[in-house]
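Structural overview
Chain residues, written in single-letter form:
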Amino acid sequence: MKPPRLASLLLRVCASRRDRSFIVEDLAEEFVRRRSDAGDAAACRWYWRQVAGSVAPLLRDRLRGRRPSFSGRDYLATDAAQAMRSLVRHPGLALTIVLTLIVGLTTTLAATLLVHGIILRPLPYETPEQLVTVRPSGPRLPASVGAISLPDFDDWQTPMRSFAVLSGYAALTMTLTDLGEPRRIETLRVGPRFGELFGTTPVIGRDLDARDFVQGAQPVALLGHALWERAFARDSGVVGRSLTLDGRRYEIVGVLPPVPFADVTEDHELWIPLVARTGVAWEPVRGNGFISILARLAPGVTAAAAQDELSALTAVLAERYPRSNAEKPAAILEPLQQAIVKPVRRPLLLVFAAVGSVLLVACGNLVNLLLASAERRRPEFAVRMALGAGRGRIHRQVALEVLACVGAALAVSLMAAPSLARLFAIVYPVPLPSTDALTLSTTTVVASLGLGLVVALVLAWPQLRSIRSTGGPAATGRVAGSRVDRRGRAALIASQVAFTLVLAFAGVALVRSMARLSAVEPGIDADGVVALSVSPSPGRFTSGAATRSFFEQLLQEVRQLPGVRAAAASTAVPFVNLGWGFTITPPEGGTPRMVRVTIASPGFFETLRVPLASGRLLSDAEHRSEQGVIVINTLTARLLPYDDPVGRTLRYSGIDWTIVGVVAPAVQVGLRTPASAELFLPWSQAGRAPQRLVVDIDGDAAAVLPLITARIRALDPAAPIAEVTALGDRITRSVAADRFSATLLSGLATVGVLLAALGIWSVTSYVVARGRRENGIRSALGESRARQLRRTIRGTLEPALAGVVIGAIICLSSAPALQTFLFNVPARDPLTLILAAAGVILTAVAAAAIPARLALRADAAAALRAE
Amino acid sequence: MPKGSFLGEFELYVMGALVRLGDDAYGVTIRQEIESQCGRGVAIGAVYATLARLETKGYVTFTISEPTPVPGGRSKKFAALTPEGQRALRHATAMLHRILPGLATGGGGRK
């Protein structure tokens, strides 16, 4: 009879491994004796008592941990010292790992900061999730229409249950005269309770209130915080002082807090009440939209419910005022955060994905390196285990080595990442919102530590695995690699190549898109053309006629200047600013379309060398008269149902205009945005609207510009001159963002390809070195060098080709995500894939063939002699 | 004497048993010796745990024997005091004498 099974099992569990067998056998020995002395029952009882009494001491002993014979030293310190020593012994390996990790981790962390700080971070206002943008909408309304008119805005002010606040704004550039040099200043015309949207109250003085919005009230202004600091030296007695804007005095009633509003609206320096401007005929008209709407939802109300309530109101307005509002029967709400982030969201995510891919490829290389290192160290580990080191201790040491490398790299990355992120924000051609948030927060630091841990696990795994398979007498390390190792390496190469292909695909697509973009015809000849904004002081030129004659005289004088080929004035210049947007309804009915309206002086089309498509341009006399003649461009002509629009009439702003000529379209915004339908009114229509001068200069613009400004000053000393731009630069800048993305992506793709090539190279070298003996024997047995070469390369190329196939599948399936970046290039274009795949395959073949040839060139006998 | 080297009560018993048992000190015999001499039940686990602790302190060494030349024989783990162990035991008993006057000294063991 044996001792009670349960008791002996309990004993086994509690005992340490070393003594387990002895304890159990000792107790079994006594059990047998007791049985013969006192009988089975008594023996069993005794056995149980023994086990019960042994559990506590044995467990206590185990938990305390057996110390090795050289007692008194701390485990962790010893292992750490050992880890350091082994790193120092292989400095090349350690340095490679740390440097690669630094590059990979810094870029990944910077990208994370950008994504987290710009896309994910909530707006810096009270309860930002309640803020929404509001746009009119209708089944036939172009998506670019986002603003509403002043009468509509007044109607929208009716109290609605779903909105806590509904207000709007319109940007206006005005001339500031009595604060130093006369200059142009960006103001924001704000509706009632605008500050309540952001939860801000003025730091000094009062907010705008109902009396400021009454027609004819004393004009008031709220200074922006930066303006108050700069121009008023933080004077707390600024309330009551005044500014002169566009010739009128505005009393300062308060100063705004330093909250960043500019992320939401355009950049501006102060707020003034949004009321109809005197002398501006088009503003009070219901069809002319220029006010952008922001709202704060009432607590607990969903955007959908608010949208429904507002749409009910707009439907009523559409019925009541069919001529202006019929196409805007509804309204659309969008969370403000989303609206702001939308233009930069995709590019940033693309950068994030690309950088992450490079990190993965780099880690793949490191894993390869460490696999080789692990095999090299097998004898070392085997010897140590034979000398008594537990497997756990070696695991710990390897883990400490990896953690030391990863930790060092992570420390450097955490310090460098915010700077890299900020550098990116500066270099990126489009201003990014909320860039002050690009610092390390708790979330990002914790995420980085997590990433570091994952990377450390990935890097430590090959060595830990190799230790586990080492047991007993040391392997001499001559094995060329078990099948599992080979499969692991193959999988690594395949995944590296797949990622690299995806990167290369994106890079090639963006480069092609960039090429197409650069080939777009802007429609004007920007060579040598300079544009500047000139604002004759409203005090001196009080009427439209006076302003016009100012410009006419100015143009006459400028045209006489040496080097000036042509000059003109207009309210909108391509690539500088947009003409006013108005909707016109084609004569035979049909959808109302948006056209851009520009008032251009004689000489406008000649200065920009816009070709005439049909008909003729306006004569000087026509420009001066009040005749209803206009010029349109070919895109406007396409909206009309006539074969030849010359001589036909077009109804705009209540007047029937006769079309005398059609010009070629010119791009207005950027090369990406197609040209719009345009309308060019005669110069007689130019009132006191802001004008720009366009001058075509032959030769050195820098020499001629001072002459031009001197002429302007001579005619009106107080006229601010601003925004002097060379149109050629503007055109380049309009594609700057695309060029940036293309350059960055192709750069990352190149890095990825090089890393993958490096990986393939090192794996091939390793495999060849391992197989030297085998190859030497084969050579001696008559295998040709070429065959050996082929065999070696095949081992690396097969997984590479598998990687290409996998990568191609990923490319084709995820290509649509790339479409938003591409211009005129279909995302799934086979040419892109072929180019990318060709590049990757060629690199892979070279990376495998070259080291293989170099290595196999060694004498076969030499290889055998080395044994 | 370096700090931390005071012997616990049970450790003393185990060391004493090792002295008395000489070459024949393994789990069973040590346990039985303490049990008979001290008149209280002793768990084998406690014996092994104490032996392990004493080994850490350097007072005890082990020898694992060949399997005994009988059918179903097994190898046993024998324990013996090291010179330091013997010194420690002597010192402990001397201290006990001094602290507790009038102790009856135990007799010599089988040697």
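Per chain, the residues get numbers from 1 upward, laid out in the order the sequence is written. Here every chain gets a letter starting at A, and every ligand a number starting at 1, in the order they are written. In keeping with the model being predicted, local features are shown solely for residues with a pLDDT of at least 70 and side-chain atom pairs are shown and tallied solely at 80 or more, while totals for entire chains, interfaces and linings include all residues. To obtain the side-chain values, all non-hydrogen atoms of the structure were used and water was disregarded.

1. Considering the overall build of chain A
- Within chain A, the regular secondary structure consists of 26 helices and 21 strands.
- Among the 867 residues that make up chain A, the fraction classed as buried is 49%.
- Whether two residues are in contact is decided by their heavy atoms, any of which lying within 4.5 Å being enough. The contacts in chain A between residues at least 6 apart in sequence include a share of 79% that link residues at least 24 apart.
- Residue exposure ignores everything except the shown protein chains as possible cover, and the areas themselves are Shrake-Rupley values with a 1.4 Å probe. When the accessible surface of chain A is split by element, carbon and sulfur atoms take 60% of a total near 40100 Å². Secondary structure is summarised from DSSP: a helix means a run of H or I of at least four residues, a strand means a run of E of at least two, and numbering begins at the N terminus for each. The buried label goes to any residue with under 20% of its type's maximum accessible area, the exposed label to any with over 50%, and the partly exposed label to all in between, with areas taken from a 1.4 Å probe on protein chains only.

2. Quick word on the interface of chain B and chain A
- Taken together, the contacts link 22 residues of chain B with 22 residues of chain A.
- Note on terms: buried area is the combined drop in 1.4 Å-probe accessible area of two parts once they are placed together, counting the loss on both. Looking at the side of chain B facing chain A, the largest losses of area belong to Ile44, Tyr48 and Arg74 of chain B, adding up to 29% of the total buried there.
- A pairing counts as a salt bridge when a side-chain nitrogen of Lys or Arg comes within 4 Å of a carboxyl oxygen of Asp or Glu. Summed over the shared surface of chain B and chain A, the number is 7 salt bridges.
- Across the pair glutamate 29 of chain A and arginine 74 of chain B runs a salt bridge, and its minimum N-O distance is 2.7 Å.
- Residues adjacent in sequence count toward polar contacts only when both atoms are side-chain atoms; beyond that, a polar contact is any pair of N or O atoms within 3.5 Å, and within protein one must be able to donate a hydrogen and the other to accept it. One can count 13 residue pairs in polar contact (both at pLDDT 80 or more) joining chain B with chain A.
- Those elements that place two or more of their residues in the side of chain B that touches chain A are helix 2 (27-38) and helix 3 (44-57) of chain B.
- If you tally residues by element for the side of chain B that touches chain A, the top one is helix 3 of chain B, at 9 residues.
- Asp, Glu, Lys and Arg are counted as charged, while Ala, Val, Leu, Ile, Met, Phe, Trp, Tyr, Cys and Pro are counted as nonpolar; the rest, among them Gly, fall into the polar class. Among the residues forming the side of chain B that touches chain A, the class breakdown is 10 nonpolar, 5 polar and 7 charged.

3. Some remarks on the side chain of threonine 500 of chain A
- Looking at the element boundaries, threonine 500 of chain A is found in helix 15 (residues 483-518).
- In contact with threonine 500 of chain A, not counting residues within four places along its chain, are Val361, Gly752, Val753, Ala756 and Val840 of chain A.

4. Regarding the confidence of the model for chain A
Residues and elements named next belong to chain A.
- Known as pLDDT, the predictor's per-residue confidence is scaled from 0 to 100. When pLDDT is averaged across chain A, the result is 83; 93% of the residues are at 70 or more.
- Throughout residues 69-73 the model reports pLDDT below 50, and contacts reaching past four residues in sequence, or to other chains, amount to 4 contacts.
- Contacts from residues 471-480, a stretch scored under 50 in pLDDT, to residues over four places away or in other chains number 12 contacts.

5. Thoughts on the sheet that holds strand 21 (residues 721-726) of chain A
All names here are of chain A.
- Here a strand pair is declared whenever DSSP counts at least two bridges between the two strands. Spatially, 12-20-11-21 is the arrangement adopted by the 4 strands of the open sheet, whose pairing is antiparallel. This sheet does not close on itself; its edge strands, each paired only once, are strand 12 (564-570) and strand 21. Within the sheet, the average angular offset between the axes of one strand and its neighbour, ignoring direction, is 15°.
- With 6 bridges joining them, strand 12 and strand 20 (residues 691-697) adopt antiparallel strand pairing. Bridge assignment links alanine 569 to a residue of strand 20, and that residue is leucine 693. The axes used here are C-alpha line fits, helices contributing only the stretch in contact, and every angle between their N-to-C directions lies in the interval 0 to 180 degrees.

6. Topic: the pattern of salt bridges
Residues and elements named next belong to chain A.
- One pass over the structure, following the stated rule, counts 32 salt bridges over all chains.
- Across the pair arginine 35 and aspartate 40 runs a salt bridge, and its minimum N-O distance is 2.7 Å.
- Looking at arginine 35, the relative accessible area reads 28%, which means it is partly exposed.

7. Thoughts on the confidence of the model for chain B
All names here are of chain B.
- Confidence along chain B averages 83 in pLDDT terms, with 86% of residues attaining 70 or more.
- With pLDDT under 50 throughout, residues 107-111 is counted as low confidence; its partners more than four residues away or in other chains account for 7 contacts.
- Overall fold confidence (pTM) sits at 0.66, and the ipTM for the predicted complex is 0.85.

8. Examining the packing of aromatic side chains
- In this scheme Phe, Tyr and Trp rings, the latter by its six-membered ring, pair at centre separations within 6.5 Å, and the angle between planes marks the pair as stacked below 30 degrees, edge-to-face above 60, and tilted otherwise. Tallied over the full model, the rule gives 15 aromatic pairs over all chains.
- Between tyrosine 428 of chain A and phenylalanine 740 of chain A the ring centres are 5.1 Å apart and the planes differ by 85°, which places this aromatic pair in the edge-to-face class. On the criterion of sequence distance, the pair formed by tyrosine 428 of chain A in the loop between helix 13 (391-427) and helix 14 (442-468) and phenylalanine 740 of chain A in helix 22 (residues 736-770) is long-range, its members being 312 residues apart.
- An angle of 75° between the planes, with centres 5.4 Å apart, marks the rings of phenylalanine 604 of chain A and phenylalanine 605 of chain A as edge-to-face.
- You can call phenylalanine 604 of chain A buried: its relative accessible area is 3%.
- Grouping aromatic residues by their ring pairs yields a cluster made of Tyr125, Tyr169, Phe194, Phe198 and Trp271 of chain A.
- Lysine NZ or arginine CZ positioned within 6 Å of the ring centre and within 35 degrees of the ring normal marks a charge as sitting over the ring. Here arginine 286 of chain A stacks its cationic end above the ring of tyrosine 321 of chain A, 3.6 Å away from the centre of that ring.
- It is lysine 77 of chain B that lies over the ring of phenylalanine 62 of chain B; its NZ or CZ is 4.3 Å from the centre.

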